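# Fold and contact review
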Amino acid sequence: MAWMLKHWTRPLLLSLHARTARIPFPVAEPLAFALALLTAAALAAALLRAARQRLLAPLVRWLRGVSWTALLLAAALALTWLPAMAQPVETPPVPDADRLEWLCGELIDALNASPLAFPAPEESARLAPEAAGLTGGAVKAARYPEWMRAAAVSGLFVPLTGEAIVDATASPALIPFTAVHELAHLQGVADEGAANILAWRRCMDAGGAFADSARLWALRYAMGLLLNADGAAWQRMRDKMKDPLAQVYRCSGGEALAHGAAGGLPRLSPARGDYAALVGWLADGGG
């Protein structure tokens, strides 16, 4: 699978990305909408014919067509993405409460000392490919971000089109790291935890708003884990945040963890792996 990843998956993803990058909007969105509309229209027509003929044959034909379409899409996705999905990944252990508090303190100190000046989402998307080491690449804002908000995702990588997509209506503080994370998938990293770690490294090298965005994402993960491990320690770290950071943290969804709404927080593209592996990696001396 390593050979396939190097000689098939990565070149294919980059080739798809280069072609779709010329189009200013995410190609995946209209393709998905068109497929959904065609499926619904075909179902309506099948139901009408079935009612008129009083037979199930039109519905059976519709179901067969849907099954073949799903099978072809699954096969295309497997050929494109399976070698990346099959790569072995080591997940760092979850740190204990003391180590989590230490990590949160380090992240908070760095963010408290920062001006926390984040570019507009469109500018972050424009700068992200260079930060990710993919000069000439592209990150696109969703044309219809409502579906991303409904799914509680702030970014998505689409292997079939090679596109990295972000929700430009999300907090500007989240966009730089999100964009670099999605571009990590373009480089053949399927696991979410591994993509987070690679994105952290790239953002730290880029510095500025990208480094602060990475620290904020790591802080959100770490604070969520700390809340579950030690509520008093979580409160100490929350009180340690100065007003500018506290406001950014709240606007980026961090406060929702305090109300048990972790499942509704904006997250990165849904795939295998543990996003919070970044926390274990940092607490273990990574970064």
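This report concerns the structure included in the present document. Fair warning: this is a prediction, and the values are worked out from it, not measured in the lab.

## Some thoughts on the overall build of the protein chain
Counting its secondary structure elements, the protein chain contains 12 helices and 3 strands. For the protein chain, the spread of C-alpha atoms along the principal axes amounts to about 70 × 40 × 35 Å. Looking at the protein chain residue by residue over its 287 residues, the buried ones come to 46%. In the protein chain, 74% of the contacts between residues at least 6 apart in sequence involve partners at least 24 apart. Across the protein chain, 25 positive and 24 negative side-chain charges occur, with their mean positions spaced 14 Å apart.

## Focus: the pairing of strand 2 (residues 155–158)
Successive residues of a regular strand alternate their side chains across the two faces of the sheet. Burial along strand 2 is two-sided: the face carrying Gly155 and Phe157 and the face carrying Leu156 and Val158 are both buried. Here strand 2 pairs with strand 3 (residues 163–166) via 4 bridges, running antiparallel. Bridging across to strand 3, Phe157 finds its partner in Ala164. Count of turn residues in the strand 2/strand 3 antiparallel hairpin: 4 residues, of which Gly162 carries a positive phi of about 70°.

## Some points on a nonpolar patch on the surface
Together, Met1, Trp3, Met4, Trp8, Leu79 and Leu82 make up an exposed nonpolar region whose accessible area comes to about 650 Å². Elements with a contribution of two residues or more to the nonpolar patch: helix 1 (2–20) and helix 3 (57–85). Of all the elements, helix 1 adds the most residues to the nonpolar patch, at 3 residues. On the secondary structure map, Met4 appears in helix 1.

## A closer look at the pattern of salt bridges
Summed over all chains, the structure comprises 6 salt bridges. When the shortest N-O distance is used, the salt bridge between Glu123 and Arg126 registers 2.6 Å. With Glu123 and Arg126 both in helix 5 (residues 121–131) and 3 residues apart, this pair spans about one turn of that helix.

## Considering the side chain of Ser252
Mapping Ser252 onto the fold places it in the loop between helix 11 (243–251) and helix 12 (277–283). The class for Ser252 is buried, based on a relative accessible area of 1%. Setting aside chain neighbours within four positions, we find Ser252 in contact with Ser171, Leu174, Leu216 and Arg220.

Cut-offs applied
- Residues numbered from 1 in each chain as written.
- Predicted model: local features only at pLDDT ≥ 70, side-chain atom pairs only at ≥ 80, totals over all residues.
- Heavy atoms only, no water.
- Helix = DSSP H or I, 4+ residues; strand = E, 2+ residues; numbered from the N terminus.
- Buried < 20%, exposed > 50% of the residue type's maximum accessible area, 1.4 Å probe, protein only.
- Contact = heavy atoms within 4.5 Å.
- Lys, Arg positive; Asp, Glu negative; His and termini not counted.
- Charge placed at Lys NZ, Arg CZ, Asp CG, Glu CD.
- Pairing = 2+ DSSP bridges.
- Patch = residues over 30% accessible without salt bridge, like charges linked within 9 Å, V, L, I, M, F, W, Y side chains within 5 Å.
- Areas by Shrake-Rupley, 256 points an atom, 1.4 Å probe, with all protein chains shown as cover.
- Salt bridge = Lys/Arg side-chain N within 4 Å of Asp/Glu carboxyl O.

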